[in-house]
Each structure stands twice: as C-alpha cells, then as structure tokens.
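Here is what each chain is made of, one letter per residue.
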Amino acid sequence: MQERSNTLASDSLQALSEIAFTVNSIQEIRPLLEKVLEIAMDTLAAERGFVLLKSESAPSGFEVKSSFNISDELLADLTGISNSVVTEVMAKGEPVILFETERDPRYNTSESIVLQSIQSIACVPLSIKNQQIGAIYLDSLTKRSRFTNESLPFLTAFTNQAAIAIENARLYESLRAENRRLRDEVQRMHRFEELIGQSPSIREVFDTMTQVLDTDATVLIQGESGTGKELVARAIHYNGPRKDQPFLALFCGSLPDSLLESELFGHKRGAFTGAVTDKKGLFEAADGGTFFLDEVGDLSPQIQAKLLRVLQEGEIKRVGENHVRNVDVRIVSATNKMLEELIREGSFREDLYYRLNIISIDMPALRNRLSDIPLLAHHFLDKYSAKKPGIKGFSEQALEEMRGYRWPGNVRELENTIERSVILAKGELIEVGDLKLPQSLAPIGDQTGLTLREAEQRLVEQTLKDNQDNISQTAKQLGVSRRWLHYKLKEWQA
Ligand SMILES: Nc1ncnc2c1ncn2[C@@H]1O[C@H](COP(=O)(O)OP(=O)(O)OP(=O)(O)O)[C@@H](O)[C@H]1O
Ligand SMILES: [Mg+2]
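Here the residue numbering is sequential within each chain, running from 1 through the sequence in written order. Just so you know, chain letters begin at A and ligand numbers begin at 1, following the order they were written in. In view of the model being predicted, local features appear only for residues whose pLDDT reaches at least 70, and side-chain atom pairs are presented and counted only at 80 or more, with totals across whole chains, interfaces and linings using the full set of residues.

Caption draft 1: Expanded view of the overall build of the chain. Helix and strand counts for the chain stand at 20 helices and 16 strands. Evaluated residue by residue, the chain yields a buried proportion of 32% over its 494 residues. A separation threshold of at least 6 residues defines the contact pool for the chain, and within that pool the share at least 24 residues apart is 69%. Runs of H or I in DSSP of at least four residues are treated as helices and runs of E of at least two as strands, each being numbered from the N terminus. Around each residue's C-beta, the other C-beta atoms within 10 Å are counted; 20 or more make the residue buried, 12 or fewer make it exposed, and counts in between make it partly exposed. All C-beta atoms are placed from the backbone. Contacts are defined on C-beta atoms placed from the backbone: any two residues whose C-beta positions lie within 7 Å are in contact.

Okay, structure coming up:
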C-alpha cells in the first residue's frame, strides 16, 4: 500500500510539473484541452474522460470540449441526465469522487451510472478566481483503477493549474481574434491588401490610387527612400484592368545609356556589335500592361526625349530600325528626387515631367505617420515570426520606442528592424533591447557647412566602413535598398 501511494505521489508530481509546462507552451484551446485530459487520465489510470467548459449557447449551460474513449451518444447521456455527478459538480463547484458506485446511496439510482455500470468516477471542477469555468470528468468501468479520496489533493492542484492554462488560452484566442477582426476591418476600408496604414496621409494615397485604377493616366510617385513607392506602383497595376497583362519595372539609373536604350526599345539584328538577333524591348514586352520607371529622375536627356515620344504618340522605334511600332503601355514612374529642382537645373525636361505627372502621389515619410507604426509593426511581426511562432507581440516600451524614433529609412527600415528583432527576441514579447534602434547617428564629424549630398555621402561611407564594406548590411542599417546604394556609389565614383 505504501509503495502504491509513493508511486501515486511521484506520478502526481510528474503530472503537476507537466501541466505547469503545458500552461506556458500550448496557446490554442483545443490541443490544450486534449493535453490536459491526457495527463489526468494517464496519472489516474482512468479509462475514459472528458473536459466540459461553460457555454452560454449550450442548453445545459456547459459543453463537452474534449473527450477520450467515449462515444457521442454516451456523452449526451452522461451530461444530459440531470441527476448525474457532472450536474452536481457543475452546480456546487465541489469535486466528487465515487467508488463502488452501486453501493453509494446518493447515486445508485442515477440512471447513467447504473446503465453503464461505472465502477468509479472522479469529477473535479475547473475554477479560476472562484469562478467555475468547467469540469474534468474521469471514470473507470473496471475495479482495476478505482479513484479514492487520496487522489483528491492531486486532482485539485492539477485542475487549478489546468484552469489557468485554459483561461490563458481563451484569452489568447480572443485577443488574436480581436486583432484579426480589427485588421480585417482596416483592410476592408481600402482594397490594397498589401499596403498597410490608416493614418490620414496614407489614406489620401489610397484614395488617389483608387481614383486612377481604372484609367490609363500616368502616375508619378514621389517620396523618400523606403516609403513604399514600388509597392504603390505594383498595387495600381494589380488592382486595375491591366492586371492580367505584364508589369515590368526598370531601375533607370542602373544602365549606361546605350544599353538602356536597347533594353527599353529593343534593337534590330546588327544594329551594334553584339546585337546578334532582333530583340524586343521592355516597352514592347509590357504591351497591354504597365511599365514602371523607377528613379525616373536619373534618365539622360536622350532617353528622356525618346520616352516623351512613347508618351505622346504611343510609339517606339527599335535601335537600328526606321519604322515605328505602336505600344499600349501605362506608365507609372517614381523618384525620390525633387524633379522640379532637376527641371530648374536643366537636367530634366519640363514637357516630360508634365506627361509623367498627370496624377501625382506623394508618399508620406513614416515619421509623419507615426500612428501607423503599431499596425505596420504587427504586420511585419506576422510576416517574420512564421518560423518563430512563440513571439506574441511587442512590449509597451518597445512600441513606445518605435513611435518615438524618426525612421530615416521609413517603412523599409521598420521592416528590417522587426525582422532583426524577431531573431534576437528571447521571450514572448519583443523588448526595447531587441529593436536595436540607433539612439542617435554615430558621430561622423561636424556636419555644418556640408551640402545634403555631401552629408549623405559621408554617412554612407562611414556606415560602409562600420560594416566592413558589406553592402547588404550597410543598406539594411541605412534603411535603403541595395540597388539604391550601388547606384549612389557608382554616382559618387564618377
Ligand atoms: N504601406 C506599407 N505597407 C506594408 N509594407 C510596406 C508599406 N510601405 C512600404 N512597405 C515595405 O517597405 C519596403 C520598401 O518599400 P518600397 O520598395 O516600395 O519603397 P520605395 O519607396 O520604392 O523605396 P526606394 O526609394 O528605396 O526604392 C518593402 O519591403 C515594402 O514591402
Ligand atoms: Mg523603390
């Protein structure tokens, strides 16, 4: 007997530590209830069991949420008979242990027990802060594993733990559902699923986008690096009538003129050394679709003239050919330069500017829409925590820190920050320390007296040095694209 109770004690301890672990590890209610039932049944060697939770929609006021070894019919019988143990436990909130049920004067007339000739039953309420949230029911049809009053202390401790876990899981699920609902609601307000934001300035962008979707008007998107210009260009294409036709993009600053021309307009075989076959240009390839000219301010005067012709006449001429071809392409362009300034300097054609800029969209800098930060941060958390699902969110301080930061690299910098913090985070919440936001720019000497361009170059060079010339790292730290960085470095070399 001594030995048996020792085994029970050690099994009980094992079960208690298992349930404590479960509290912290299973967040979804269904697998959690299954695990709770499994541990209880294993520890008491029960043959059958189920977990009930209070439910306002069920007629009896409670609902079986997880069961083992019991058919649905029997379940209905067990929970339906008013005089049964379950009803009493649910009503009084006290545990009931029955052994030799046939001799127990309280229950031997109880239909279900008699009908099923159950030998012993343990039914314990699940309660939290004196509120009853459900019960665990275990029984045995043979005399082999009879429950005794000795099992009660364990069962009580166990169900207390289980109740906390269940309550946490419910809370977690309702928070997640609420989060999902709020986000769906925000998304329903505009149709651009991939574009996150609800601040007035970004809504203005969505409104303009909506107005131009069904037109062929050219759109010029202006804004700082990382504000989402390319994303907007794509969204205009993929939400409009041209969506089944190609969307082609060209980074205008990436090629020398001669190559760029043949890339854009195509060439005839033999037009220049290396032109061994006829080749279609990007404009032809994008026929029927949208052509996205990224960093349009970097186009040379020659290419600007040819582009103007595409816009005015809808015509292109392949390099080395004399006849024109018609193309039907919608042009969306983007720049993070002030084109008006380039026009004043004489490096950008004014007539082209007006052609490109039938509709203009100004992307707000992230520091001017700080209210979108929590929304964006959660969006990126969802994206990057897929492989690390333990992370639930951000600490209040982390959100505060993000709202207070100036985000020189805009949304791209925020995205990179979240990606990195997910990797660094050790707990369930991303903390301030995981964000690794620069407190202030590293000292790079006295910057007064420098032009913006010189300061930009210094900052880039210093950051490159700090990152041992690693382009990806430097781009990440600065919150700019690698393409932008390559381009700038080339520009400064010249
Ligand atoms: N409103 C937004 N919602 C969700 N993600 C966004 C949003 N704006 C930008 N992003 C994300 O931020 C990153 C940078 O966006 P994008 O490349 O469109 O910026 P950009 O303005 O073209 O920058 P650059 O001038 O450096 O080319 C991308 O990963 C993009 O998906
Ligand atoms: Mg871009």
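Caption draft 2: Examining the environment of glutamine 27 more closely. Mapped onto the fold, glutamine 27 is located in the loop between helix H1 (2–25) and helix H2 (29–44). Between the alpha carbons of glutamine 27 and arginine 170 there is a distance of 8.3 Å; along the sequence they are 143 residues apart. In this view, glutamine 27 contacts Ala169 and Tyr172; residues no more than four positions away in its chain are not counted.

Caption draft 3: Up close: the pairing of strand S5 (residues 131–140). Of all ten residues in S5, seven are buried, a share of seventy percent or more. Strands were regarded as paired on the criterion that DSSP finds at least two bridges between them. In this antiparallel pair of consecutive strands, strand S4 (residues 120–128) and S5, the connection spans two residues, and lysine 129 shows a positive phi of 45 degrees.

Caption draft 4: Representation of the sheet that holds strand S2 (residues 62–68) within the structure. Across the sheet, which stays open at both edges, the five strands sit in the order S2-S1-S5-S4-S3 with antiparallel pairing between neighbours. Looking at strand neighbours, the two that pair on one side only are S2 and strand S3 (96–99), the edges of this open sheet. For this sheet, the mean angle separating the axes of adjacent strands, direction not counted, is 15 degrees. Of the strand pairs in this sheet, strand S1 (residues 48–54) and S2 are connected by six bridges, and their pairing is antiparallel. Directly across from glycine 49, in S2, lies its bridge partner phenylalanine 68. Think of each axis as a best-fit line through the C-alpha atoms, taken over the contacting stretch in the case of a helix, with angles from 0 to 180 degrees between the N-to-C directions. Contacts from helix H4 (residues 85–92) reach S1, S2, S3, S4 and S5 within the one sheet, and its direction differs from that of S4 by about 25 degrees.

Caption draft 5: Structural detail: the site of ligand 1. Whether a residue is near a molecule or strand depends on its C-beta atom, placed from the backbone, lying within 6 Å of it. Ser225, Gly228, Lys229, Glu230 and Val411 are the nearest of the 18 residues found near ligand 1. Of all the elements in the fold, those that place two or more residues in the shell around ligand 1 are helix H8 (229–238) and helix H16 (410–424). Under the convention adopted here, Pro, Cys and the residues Ala, Val, Leu, Ile, Met, Phe, Trp and Tyr are nonpolar, Asp, Glu, Lys and Arg are charged, and Gly plus all remaining residues are polar. Residue classes in the shell around ligand 1 are distributed as six nonpolar, eight polar and four charged. Summarising the domain contributions, the shell around ligand 1 has at least three residues from each of domain 2 (200–362) and domain 3 (367–493). Here the limits of each domain have been adopted from an automatic or database domain assignment.

Caption draft 6: Geometry of the nonpolar core. Core analysis: the biggest nonpolar cluster contains 39 residues, and Val36, Cys123, Ala135 and Ile136 have the highest contact counts within it. When buried Ala, Val, Leu, Ile, Met, Phe, Trp, Tyr and Cys residues are joined through C-beta atoms within 7 Å, the set is termed a nonpolar core. By size, the runner-up hydrophobic cluster in this structure holds 36 residues, among which are Leu220, Ile221, Val296 and Val332.

Caption draft 7: Representation of the environment of asparagine 368. Tracing the backbone shows asparagine 368 in the loop between strand S14 (359–362) and helix H14 (373–384). Placed 38 residues apart in sequence, asparagine 368 and arginine 406 show a C-alpha to C-alpha distance of 9.0 Å.

Caption draft 8: Focus on the sheet that holds strand S10 (residues 290–294). Pairing is parallel in the open sheet, where five strands are placed in the order S7-S10-S13-S6-S14. Lying at the two open borders of the sheet, with one neighbouring strand each, are strand S7 (247–251) and S14. Averaged over all adjacent pairs, the angle separating strand axes in this sheet is 15 degrees, with direction ignored. Note: strand S6 (residues 219–222) against strand S13 (residues 330–335), four bridges, orientation parallel. Each bridged residue has a counterpart across the sheet, and for valine 219 the counterpart in S13 is valine 332.

Caption draft 9: The arrangement of H14 in detail. Here the expected span of a helix is defined as 1.5 Å times the quantity of residues minus one. Taking 1.5 Å per residue as the helical rise, H14 with its twelve residues ought to reach 16 Å, and the 16 Å between its terminal C-alpha atoms agrees with that figure. Taken together, the buried positions of H14 are Ile373, Ala377, His379, Phe380 and Leu381. At its buried positions, H14 is contacted by strand S15 (393–394), helix H15 (396–404) and H16.

Caption draft 10: Looking closely at unusual backbone geometry. In this model, asparagine 69 sits at a positive phi of 70 degrees, which is unusual for a non-glycine residue. As for its placement among the helices and strands, asparagine 69 is situated in the loop between S2 and helix H3 (72–80).

Caption draft 11: How the structure looks around helix H11 (residues 301–313). Here H11 is 13 residues long and its end C-alpha atoms lie 18 Å apart, about the 18 Å a rise of 1.5 Å per residue gives. Just beyond H11, the residue with positive phi is glycine 314, at close to 70 degrees.

Caption draft 12: Up close: the environment of phenylalanine 50. Structurally, phenylalanine 50 is set in strand S1. You can call phenylalanine 50 buried: it has 24 C-beta atoms within 10 Å. Ignoring anything within four residues of it in the chain, the contact list for phenylalanine 50 reads Val64, Ser66, Ser67, Phe68, Ile70, Leu75 and Tyr137.

Caption draft 13: Inspection of the confidence of the model for the chain at higher detail. The score called pLDDT rates the predictor's confidence residue by residue, from a low of 0 to a high of 100. When pLDDT is averaged along the chain, the result is 86, and 89% of the positions lie at 70 or above. Looking over the chain, one finds the lowest element-wise mean pLDDT in helix H5 (residues 111–116), namely 63, and the highest in S6, namely 98.

Caption draft 14: Layout of the packing of helix H18 (residues 452–466) against helix H19 (residues 471–478). Where H18 contacts H19, the axes come no closer than 9 Å and their chain directions differ by 125 degrees. One way to sum up the angle between H18 and H19 is to call them oblique. Two packed elements cross with a definite hand, and for H18 against H19 that hand is right-handed. For the pair H18 and H19, contact is made by Val460, Thr463 and Leu464 and by Thr474, Gln477 and Leu478, respectively. When the residues that make up the contact of H18 with H19 are grouped by side-chain class, the tally is three nonpolar, three polar and no charged. Throughout this description, any angle smaller than 35 degrees is read as roughly parallel, any larger than 145 degrees as roughly antiparallel, any in the 65 to 115 degree range as roughly perpendicular, and the remainder as oblique. When the near helix sits turned anticlockwise from the far one by under a right angle, the crossing is termed left-handed; a clockwise turn instead gives a right-handed crossing.

Caption draft 15: Up close: the packing of helix H7 (residues 200–212) against H8. Contact geometry of H7 with H8 gives a least axis separation of 10 Å together with a crossing angle of 35 degrees. Along this stretch, H7 crosses H8, giving a crossing that reads as right-handed. Between H7 and H8, the residues in contact are Val205, Met209 and Val212 and Val232, Ala235 and Ile236, respectively. Here the contact of H7 with H8 is built from residues that sort into six nonpolar, no polar and no charged.

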